[in-house]
Amino acid sequence: MTGIVEEFLALKEESDADVLAMQVGDFYEFFADDARLVADELDLKVSEKSSHGSSYPMAGVPLSELTPYLKSLVERGYTVAVAEQRGDDDTTREITRTATPGTLLEATGADARYLVAVVREGDAYGLAAVDVTTGAFRLTEVGDERTALAELGRFGPEEVLPGPVLRGDDDFCDAVRDDADATLSVHGTEAFAPGKATHRVREQFGEGALDAVGVEPEGPGVRAAGAALDYVAETGVGVLSSLTRVQPYRADDHVSLDPTTRRNLELTETMRGDREGSLAATLDHTVTAMGARRLEAWLVRPLQRRGELERRHDCVAALADDALERDAVRETLDGAADLERLAARCTSGSADPGALKRVVDTLERLDALRERVASSPSLADSPLGDVLARVDADDAAALRETVDDALADDPGGETGIFARGYDETLDELAAEHDELVAWFDTLAERVKAESELSRVTVDRNKTDGYYLQVGHSQTDRVPDDYREVKTLKNSKRYRSAELDEKERALFRVEEERAARERELFDELRAEVAAHASLLQDAGRALAEVDALASFAEHASANRWTRPELRDDRSLDVSAGRHPVVEQAVEFVPNDARFGEGRRFLVVTGPNMSGKSTYMRQTALIVLLAQAGSFVPAESAEIGLVDGVYTRVGALDELAQGRSTFMVEMQELSNILHSATADSLVVLDEVGRGTASDDGISIAWAATEYLHNEVRAKTLFATHYHELTALADRLDGVRNVHVEVDDESYASTGSGGESGPATGRDGDVTFLRTVAEGPADRSYGIHVADLAGVPEPVVSRSRDVLERLRADEAIDVRGGSEGSEQVVFDLGSGELRTDEGATGESGGEGEDAAGDGEDDAAALDSEAAAVLDELRNTDVNNSSPLDLLQRVNEWQKRLD
Ligand code: ADP
Ligand code: MG
């Protein structure tokens, strides 16, 4: 016979969990390392347990109190196996479930809790995301790692299951940990196998499910889905049956938003990591948990196409215009149960009678809402009715009646769970019960009438059961057949044979009644669980109405306006505001305009003048419009975008210890690779994190590339005044300047973000710290190259840098009048040569004259540059070959 601790260690060995909770009688115990871990994490007391001559730390929690401890452990990212006693002898133990962050049913709070499985096959990635608390099951396939990570991040998963290839990919795993802050769990490779996974998915969602939703069998998406299902089944929470349908989506249905952009725009949390102050928190006036989840999901997944968006806008318009109807709708929703979650609780068997009562109540609200919408002149014509019509009204009514007829008014109370008339057996038992209770209730009266006792009471307690209590003054009058059971200070307690018998009868009836209630309740709950998909439909409909009403509420309280959606690449916002900042300060509205010949705006203005705010506000207005919301502006015409990309220069982010110039360049690289002519790009002081001359070069080359090749709508705030010159020479580039009113600048300038106090000084300090190593000063461009910035941009940056250094004319690429020459004075950032070198001056024989001048100037400066490099060459630290090559190059340049 092995000891308890040995058994514990053996079970632990068998499980993959971080922690094991093992039932020992009325407690769940943790031993050894696990005891120490839970003691540290949960403040449990540790005692010592001896077993087979050794002593082990031990910590325990009562059986009924496991759930909160389980939740805390799992929410801290641990997986916890639970072993329970099984069998008649109560000594066989087996692991009955494993609670993991992504499959914890007991989750509280409104947030979605996703488990995401990811499979890689060549360049293709499959993602399956499941929320066991609501039964949501989403599936998608994407074509590259960056999109896969972006999609994964949007779910904000609690737990990620990387497939066989990805679990060995450290870069991928690190990226998941960093972006998503999720637990990575390794699940058996077989579960990801194409055949087995496809089988699992068909078993769960039906043979025809994959065809119906147009997903390839055995593809990466299905493999991820099969593995996720397998994992959920294995964790043993019994919610598999609440997963009633798979909802595939195409990543390109949604506006592309990478993790950096979501963070920069503070969609669901601020840069500091708080929900308060995020866009979601600002907009959230929902009255149900499901509504809050829906609102947030819409904000992180704006749509690319207008159909559904126009529907949402129609609904918001109807609700915004009629405050009375809106209030009525929101009041009806207020207090509605979280049906998506209740469905999961019913299928897992953890819903109690109160929960079923709330299902009835919520289905009643759904009906009320439907009637309200149908009968309201302002809402009837809106698509709100369609949203509610997605729930099968007859099925819902039938289920509601079934449950309502079954349950008592107060199913937790005295009269029992079920209504009279629901079950004959139960009614009989109840009648019997009432009769027996009445017998006890009237016993004292009868005794007084039939005996000489005038002062007697009947009562019951835990140890003695029912008894008659008689004061000492009357104990001599007690009838003979009474048996004394206890003597107290002033009285004695008695029982009789008849009382014994009635009590036994009462206990039996109580027991039978409880058993019958349990049986019937399990049936009723199973009946509700069988309608899980109906409840999920109803939950989704209510969630949507709640989220739409929340949009409407915010729009009406803040004078937001309905955006006009367009299929072209224009953007025209009049008097736009920042949706979050406008809550805190007297906001100065701004216009934002893109269109023909105006697709790249260079934004300049002093520090703290509002450049960053202006650009974010523009991006947010577009996102809000494409999430289905109204927008903070007087009017807004929005050309639908396929992606929003933002990058804030490393210097601004450095203050928060977040970013390096390398990261800045990697993200710039991502943008240059991913953005399209239909995207909106926001670059905030990009290039600022390095020496000013190579920073300018990178910014210059990136601008040309974005303008000429990518052709995205772009806002680029920069303190490199040099870039404003591009506006005159590239036909799509325009300058906008943030004007500063001294007073408001001073008053708003002090609060808010802690940006760097000064620009140039900050640069120089930064340069010293990071640029010490490299021998040549184009460090920034090297980093850009390393970070994967497209080759043409890198070589163009080198080119621009060389010319800047040499005070040489830079030709603007892609200019409408052909190649133009611009020369900057690096110190002041001003154009030195302008008219003489440009094509604009035309007809003055500029070819001969211009070239001659430039050559002369270039020759001098080239010689100066070579001398400079010669002086700075560290002979002791260069290899002979390196020196040879340099001398060779200098000679060529002097030729
Ligand atoms: P910059 O990027 O030019 O340094 P920011 O955009 O960071 O400036 O804005 C500086 C401060 O001014 C912030 O505290 C912001 O809240 C406030 N601010 C910006 N734009 C406006 C505006 N249009 N109206 C009122 N306050 C603003
Ligand atoms: Mg700024």
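Each chain has its residues counted from 1, following the order in which its sequence is written. Here chains are named by letter from A upward and ligands by number from 1 upward, in the order in which they appear as written. Local features in this predicted model are restricted to residues of pLDDT 70 or higher, and side-chain atom pairs are both shown and tallied only at a pLDDT of 80 or more, whereas totals for entire chains, interfaces and linings draw on every residue. Computation of side-chain values covers all heavy atoms of the structure but excludes hydrogens and water.

S.K.: Explain the overall build of the protein residue by residue, including any values.
M.R.: Secondary structure counts use DSSP, requiring at least four H or I residues in a row for a helix and at least two E residues in a row for a strand, with both numbered from the N terminus. Assigned secondary structure in the protein consists of 33 helices and 29 strands. The burial tally for the protein puts 51% of its 895 residues in the buried class. Within the protein, residue pairs in contact and separated by at least 24 positions form 69% of the contacts whose partners lie at least 6 positions apart. Surface accessibility follows the Shrake-Rupley procedure with a 1.4 Å probe radius. Residue values consider only the protein chains on display as shielding. When the accessible surface of the protein is summed, it comes to about 40000 Å², and 45% of that surface belongs to carbon and sulfur atoms. A 1.4 Å probe rolled over the protein chains alone gives each residue an accessible area, and that area as a share of the maximum for its type sets the label: buried under 20%, exposed over 50%, partly exposed in between. In what follows, a contact means two residues having at least one pair of non-hydrogen atoms within 4.5 Å.

S.K.: Account for unusual backbone geometry, naming residues and giving values.
M.R.: With a phi close to 55°, Ala32 is a non-glycine residue in the positive phi region. With respect to the helices, strands and loops of the structure, Ala32 is situated in helix H2 (residues 32-42). Overall, the relative accessible area of 14% leaves Ala32 in the buried class. In this structure, Glu266 takes a positive phi of about 50° despite not being glycine. With respect to the secondary-structure elements, Glu266 resides in the loop between helix H9 (259-264) and helix H10 (279-283). Owing to a relative accessible area of 26%, Glu266 belongs among the partly exposed residues under this scheme.

S.K.: If you had to explain the environment of Asp314 to someone new, which residues and values would you point to?
M.R.: With respect to the helices, strands and loops of the structure, Asp314 is situated in helix H12 (residues 306-321). Here Asp314 falls in the partly exposed class, since its relative accessible area comes to 31%. When the C-alpha atoms of Asp314 and Leu379 are compared, they prove to be 9.7 Å apart, with 65 residues separating the residues in sequence. Pairing of N or O atoms within 3.5 Å defines a polar contact, subject to two protein rules: one partner must be a possible hydrogen donor and the other a possible acceptor, and residues neighboring in sequence count only if both atoms are side-chain atoms. Within polar-contact distance, the side chain of Asp314 engages the side chain of Arg562 at 2.9 Å.

S.K.: Outline the site of ligand 1, supporting the account with residue identities and numerical values.
M.R.: Every one of the 17 residues lining ligand 1 counts as a neighbour, but Val588, Met608, Lys611, Ser612 and Thr613 are closest to it. A distance of 2.7 Å is found between an oxygen atom of ligand 1 and a side-chain nitrogen or oxygen belonging to Ser612. In the model, an oxygen atom of ligand 1 is placed 2.5 Å from a nitrogen or oxygen of the Thr613 side chain. When ligand 1 is considered free in solution it has 550 Å² of accessible area, and contact with the protein chains removes 89% of it. Tallying contributions element by element places helix H23 (residues 611-627) first for the shell around ligand 1, with three residues. Classifying every residue of the shell around ligand 1 gives six nonpolar, eight polar and three charged. Only a single heavy atom is needed: when it lies within 4 Å of a molecule or strand, its residue is near that molecule or strand. Put simply, Ala, Val, Leu, Ile, Met, Phe, Trp, Tyr, Cys and Pro go in the nonpolar bin, Asp, Glu, Lys and Arg in the charged bin, and everything else, Gly too, in the polar bin.

S.K.: For the packing of helix H19 (residues 424-450) against helix H20 (residues 497-529), give the residues involved together with the corresponding values.
M.R.: The contact between H19 and H20 brings their axes to 9 Å, and the two run at 150°. In terms of axis orientation, H19 runs roughly antiparallel to H20. Crossing of H19 over H20 shows left-handed handedness. A class-by-class count of the residues in the contact of H19 with H20 yields 13 nonpolar, two polar and ten charged. The axes are straight lines fitted to the C-alpha atoms, using for helices just the contacting stretch, and the angles between their N-to-C directions are given from 0 to 180°. Geometric relationships in this document are graded by angle, where less than 35 degrees denotes roughly parallel, more than 145 denotes roughly antiparallel, 65 to 115 denotes roughly perpendicular, and other angles denote oblique. Should the near helix be turned anticlockwise from the far one by less than a right angle, the crossing is termed left-handed; should it be turned clockwise, right-handed.

S.K.: Outline the sheet that holds strand S3 (residues 47-51), listing residues and values.
M.R.: Here the rule is simple: two strands pair whenever DSSP picks up at least two bridges between them. Spatially, the six strands line up as an open sheet ordered S3-S4-S2-S1-S5-S6, and their pairing is mixed. Of all the strands in the sheet, just S3 and strand S6 (92-99) have a single pairing partner and so form its edges. Taking the axes of each pair of neighbouring strands and ignoring which way they run, one obtains an average angle of 35° across the sheet. Sheet topology places strand S1 (residues 19-24) next to strand S2 (residues 27-31); three bridges connect them, and they run antiparallel. Its bridge partner being in S2, Val24 is matched across the sheet by Phe27. Along the sheet, helix H3 (residues 66-75) makes contact with S1, S2, strand S4 (54-62), strand S5 (80-86) and S6, crossing S5 at roughly 155°.

S.K.: Could you give an account of the sheet that holds strand S15 (residues 465-471), naming the residues involved and the relevant values?
M.R.: Read across the sheet, four strands follow the order S14-S15-S17-S16 without closing on themselves; strand pairing throughout is antiparallel. Both edges of this open sheet fall to strand S14 (456-461) and strand S16 (483-487), since each of them pairs with a single strand only. Looking at each pair of strands side by side, their axes are set apart by 35° on average, direction ignored. Relative to S15, S14 is paired through six bridges, and the arrangement is antiparallel. Across the sheet, the residue bridging to Arg460 is Tyr466, located in S15. Its contacts with the sheet place H19 against S14 and S15, and it is angled at close to 150° to S14. Together, S14, S15, S16 and strand S17 (491-495) form the strand contacts of H20, whose direction differs from that of S15 by roughly 145°.

S.K.: Pulling in residues and values, what's your account of the pattern of salt bridges?
M.R.: What makes a salt bridge here is a side-chain nitrogen of Lys or Arg within 4 Å of a carboxyl oxygen of Asp or Glu, nothing more. All told, the structure shown has 63 salt bridges when counted by the stated rule. Arg372 is the salt-bridge partner of Glu325, the closest N and O atoms lying 3.0 Å from each other. A residue pair is termed long-range when its members are at least 10 positions apart, and Glu325 in helix H13 (residues 323-333) and Arg372 in helix H15 (residues 353-375) qualify at 47 residues. Using a relative accessible area of 34% as the deciding quantity, one classes Arg372 as partly exposed. Via salt bridges that share partners, Arg306, Glu310, Asp314, Arg562 and Asp567 belong to a single interconnected network.

S.K.: I'd like a rundown of the pairing of strand S25 (residues 713-717), residues and numbers included.
M.R.: With five of five residues buried, S25 is to be regarded as a mostly interior element. Covered by surrounding structure in S25 are Lys713, Leu715 and Ala717 together with Thr714 and Phe716, the residues of both alternating faces. Relative to S25, strand S21 (residues 600-604) runs parallel, the two sharing four bridges. Looking at the pairing, Val602 lines up with Phe716 of S25. Two strands pair when backbone bridges link them, and strand S24 (residues 679-684) and S25 are joined in this way by five bridges, in the parallel orientation. Bridge pairing in S25 links Leu683 to Phe716.

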